[in-house]
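The residues making up each chain are set out below.
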Amino acid sequence: MAAEFAPKVIFEHDGVFIHPSAEDGEQDLLISGSLRILDKDAEMVVDFRPLEDAVDPSNMLCAGKDSSSVVEWAQSPQERTQPLESQQSYETEWDMVNAVSFRKKPCTNGEGSLNHSHERSRWGFSVSISDLRSINVKDEGWTFLILQLKESSVSLPPLHFHQGGSREFLDNLRRFALLTESADDSSCLLVSTPNKALSQSFENLLDDTGGFNKFKRDPYVATLDSFSKVTNFLYDALRGTEDQQQRPPEEMVELLGEVIPGLEINQQEEPGFEVITRTDLGQRPQVTRWEPLTAEDWTNQLDAEGRVLDVAHVKHAVFKGGLCHAIRKEVWKCLLEYSPWSSTLEGKKLLQRTKTDEYFRMKLQWKSVSEEQERRNSRLRDYRSLIEKDVNRTDRTNRFYEGIDNPGLALLHDILMTYCMYDFDLGYVQGMSDLLSPILYVMENEVDAFWCFVSVMDQMHQNFEEQMQGMKTQLLQLGTLLRLLDPAFWNYLEAQESGYLYFCFRWLLIRFKREFSFQDVLRLWEVLWTGLPCQNFHLLVCCAILDSEKQKIMEENFGFNEILKHINELSMKLDIEEILQKAEGIFLQINSCKDLPHSVSTILGLHERCRESDSSDSGSAAAQRPAHRRDACSNGHSGHSSQ
């Protein structure tokens, strides 16, 4: 007989109550239990299990918002509502302000415990999320939920959250179902679940990489390590089997919309959508890259008090060639606007002191949380657990983070925990450790790394928010650019049902962190942080990579599976200088087009001044500073000391 696997606990909250009615003959008891969301062999289940002791309401004491007043909860329903009417719904504002204490109801004989056990088993239930029709959210001074099943003949008892936790339960439920407010009743949430095969394929994809547990809710997003392992699931879920008729485009849109709620997919026939017809872009110009900006170059750009003399020149030099590692620490602070370009040396010292004080005040907030406090703060507990898990597998092959008890890992952990205090609404989302790691590696300082990371997150915040609006927008924008650059390739992708470009998801989510070597990522990021030569230059980097691979994809007639697998296997095989060179060439080609579609101009932020200046910048600006020997400085992490 095959062994049964224990269900995976996705969410668990104790102190959820059922109030038996007079019809049940148990109106003097409250049934206290544990509410869980379980993964039972890929089926998501809501499970309620009563605890060992039923609670006698005559012995329940509720502390009001003014903790100096403690009122006894009356037994009769009429008396019970009186004190509660004067209380607000504290959970909506605080999760839990009321403190509730319980005293066990004594058993008068040996049968009492047996009777209670019988009653407890009577109130337990376990239902599949796919069987839920709706959830009514009610308020009686505390929140209680009424779960309605699609099978109307079966009813479930209301679940009362006297100790808070209803919001966390609904948030976790949103990871596996779409909850939408009813048009007829604002307190009613309608439950809809994605196509099971499609939902499971995405779940496998994301769990396999150690992250991303769906495109919804906590932990919202994580990086994608291994697309190719689940492409068959995706492909079959979207297309159906060979003996099935291919799904029409509108059904494909609907299916993907279920997996990523809120995703708006424009079709060319849709009113208001700009159809990009064949545009003559002309020949793509040849572009040369410069040598990295050296320490001598940087020093020559500073006045006697440490101010940068020509910010535009420095940014252009960084865009064209990047930085030698020896000056990255200082220049990155300016590129990320942590340290203003116009700051003097004294100003930078004052900023450092101020930011250090601010950082450690936030760090103290989570450091001073006791185990008892954290036990009652599920969000902080979840953030910590996720951070510890991710930190232990972030760039462990890099010498800066390798080995056991590495201090670099401790700093990664502390910075990410402190960021949760800085932005508690967002907290920690998988993928953030990938963004922090190179910054800490360069800064070699906890405070500087934190504030530079804050600047990066300010730019990429929407990538990690609940609705992932940043990711949706970027994928749509990338599709618009590809339609302009190569309609034949775009049509091929669409024919292979790859027009949604989800194989580029990881590129955009963590800015190519998993696609290039660690040192090449440093070069790429500093180029992107210049903001040159246009908005969203990272999308042109995507176009450059795909431009390099399109011939192989089309000539070998790659299908949906093969495209995903091929793109995933490009990791660590890309030449950063070649890609940047091609991306800049694509920009110059687009920028020189006279009849550019408005949507493309908007995406890249092009205007008359940009068109007049950038073409000359990329062509003639090389004469403004001499090229340097590539071996004049190293792109590595050597020859400098920690500060």
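Bear in mind that the values here come from a model prediction, so they are computed numbers and not experimental data.

## As for the overall build of the protein chain
When helices and strands are counted, the protein chain shows 25 helices and 12 strands. A sequence separation of at least 24 residues applies to 70% of the contacts in the protein chain between residues at least 6 apart. Counting every atom, the protein chain has about 30600 Å² of accessible surface; 48% of that belongs to carbon and sulfur.

## Quick look at the packing of aromatic side chains
Any two aromatic rings considered together are summarised by their centre-to-centre distance and by the angle between their planes. One pass over the full model with this rule turns up 20 aromatic pairs. For the pair Tyr-383 and Phe-424, a centre-to-centre distance of 5.6 Å together with 75 degrees between the ring planes defines the contact as edge-to-face. Of this pair, Tyr-383 sits in helix α13 (residues 378–391) while Phe-424 sits in the loop between α14 (407–422) and α15 (432–443), and the two are 41 residues apart along the sequence. Its relative accessible area of 2% is what places Tyr-383 among the buried residues. Considering the side-chain rings of Tyr-419 and Tyr-422, the 5.7 Å spacing of their centres and the 35 degrees angle between planes classify their relative orientation as tilted. Placement of the pair is Tyr-419 and Tyr-422 together in helix α14, with a separation of three residues, close to one helical turn. Exposure remark for Tyr-419: the relative accessible area of 1% places this residue in the buried category.

## Some remarks on the pattern of salt bridges
Taken as a whole and assessed by the stated rule, the structure comprises 32 salt bridges. For Asp-47, the salt bridge is made with Arg-49, and the minimal N-O distance between the two is 3.4 Å. Judged by its relative accessible area of 2%, Asp-47 is buried. A relative accessible area of 38% places Arg-49 in the partly exposed class. Measuring nitrogen to oxygen at the nearest pair gives 3.1 Å for the salt bridge that ties Glu-444 to Lys-329. One end of the pair, Glu-444, is in the loop between α15 and α16 (446–464); the other, Lys-329, is in helix α10 (residues 325–335), with 115 residues separating them in the sequence. With a relative accessible area of 14%, Lys-329 lands in the buried category. What emerges from the salt-bridge pattern is a single network uniting Arg-284, Asp-486, Asp-547, Lys-550 and Lys-582.

## Comments concerning the nonpolar core
Grouped together as the largest cluster of nonpolar side chains are 121 residues, with contacts concentrated most on Met-432, Phe-537, Leu-540, Val-541 and Ile-590. Of the residues forming this core, the biggest block, 11 residues, is contributed by α16. Taken domain by domain, the makeup of this core includes at least three residues from each of domain 2 (304–463) and domain 3 (469–610). Setting aside residues up to four positions removed in sequence, Met-432 forms contacts with Leu-416, Tyr-419, Leu-426, Gly-427, Phe-453, Met-457 and Phe-464. Counting residues in each nonpolar core, the second largest holds 30 residues, with Leu-159, Phe-161, Ala-177 and Leu-179 among its members.

## Quick word on the side chain of Asn-406
Note on placement: Asn-406 falls in the loop between α13 and α14. In contact with Asn-406, other than residues within four places in its own chain, are Arg-399, Phe-400 and Tyr-401.

## With respect to helix α20 (residues 518–529)
Between its terminal C-alpha atoms α20 stretches 17 Å, which fits the 16 Å expected from 12 residues at 1.5 Å a residue. Burial of α20 is extensive: 11 of the 12 residues sit out of reach of the surface. Buried within α20 are the following residues: Phe-518, Asp-520, Val-521, Leu-522, Arg-523, Leu-524, Trp-525, Glu-526, Val-527, Leu-528 and Trp-529. Buried positions along α20 lie against α9 (311–321), α10, α15, α16, α21 (537–555) and α23 (576–591). Backbone geometry just after α20 places Gly-531 at a positive phi near 75 degrees.

## Here we look at the pairing of strand β11 (residues 178–181)
Here β11 runs beside strand β12 (residues 188–192); their pairing, made up of four bridges, is antiparallel. Looking across to β12, one finds that Thr-180 is bridged to Leu-190. In this antiparallel pair of consecutive strands, β11 and β12, the connection spans six residues.

## Observations concerning the state of the cysteines
Defined simply, a disulfide is a covalent bond joining two cysteines at their sulfur atoms. Using the criterion set out here, one finds zero disulfides in the structure. The thiol sulfur of Cys-452 is not disulfide-bonded, and the nearest other cysteine sulfur, from Cys-334, lies at 9.5 Å.

## Comments concerning the confidence of the model for the protein chain
The predicted model of the protein chain averages 76 in pLDDT, with 68% of residues at 70 or higher. Here residues 53–120 scores under 50 on pLDDT; set against residues more than four positions off or in separate chains, the count is 103 contacts. Here residues 608–643 is a poorly scored stretch, pLDDT under 50, and it has 64 contacts once near neighbours within four places are set aside; other chains count.

## Looking at the pairing of β12
Alignment of strand β8 (residues 132–139) against β12, held across three bridges, turns out to be antiparallel. Bridge pairing links Ile-135 to Leu-189 in β12.

## Side note on the environment of Val-369
Following the sequence through the fold, Val-369 ends up in the loop between α11 (345–367) and α12 (371–375). The class of Val-369 is partly exposed, set by a relative accessible area of 24%. Note: C-alpha distance between Val-369 and Leu-380 (11 residues apart in sequence) is 9.8 Å.

## Brief notes about the packing of α13 against α14
Where α13 contacts α14, the two axes come as close as 10 Å, and the packing angle between them is 150 degrees. The angle between α13 and α14 places the two elements in the roughly antiparallel class. Considering the relative orientation of α13 and α14, their crossing is right-handed. Taken together, the residues of α14 that come into contact with α13 (itself represented by Leu-380, Tyr-383, Arg-384, Ile-387, Glu-388 and Val-391) are Leu-409, Leu-412, His-413, Leu-416, Met-417, Cys-420 and Met-421.

Reading guide: rules and limits
- Residues numbered from 1 in each chain as written.
- Predicted model: local features only at pLDDT ≥ 70, side-chain atom pairs only at ≥ 80, totals over all residues.
- Heavy atoms only, no water.
- Helix = DSSP H or I, 4+ residues; strand = E, 2+ residues; numbered from the N terminus.
- Contact = heavy atoms within 4.5 Å.
- Areas by Shrake-Rupley, 256 points an atom, 1.4 Å probe, with all protein chains shown as cover.
- Phe/Tyr/Trp six-rings, centres within 6.5 Å; stacked < 30°, edge-to-face > 60°.
- Buried < 20%, exposed > 50% of the residue type's maximum accessible area, 1.4 Å probe, protein only.
- Salt bridge = Lys/Arg side-chain N within 4 Å of Asp/Glu carboxyl O.
- Core = buried A, V, L, I, M, F, W, Y, C linked by side-chain atoms within 4.5 Å.
- Domains from an automatic or database assignment.
- Expected span 1.5 Å × (residues − 1).
- Pairing = 2+ DSSP bridges.
- Disulfide = S-S within 2.5 Å.
- pLDDT = per-residue confidence, 0-100.
- Axes fitted to C-alpha atoms, helices over the stretch in contact; angles between N-to-C directions.
- Parallel < 35°, antiparallel > 145°, perpendicular 65-115°, else oblique.
- Left-handed = near helix turned anticlockwise from the far one by under 90°.

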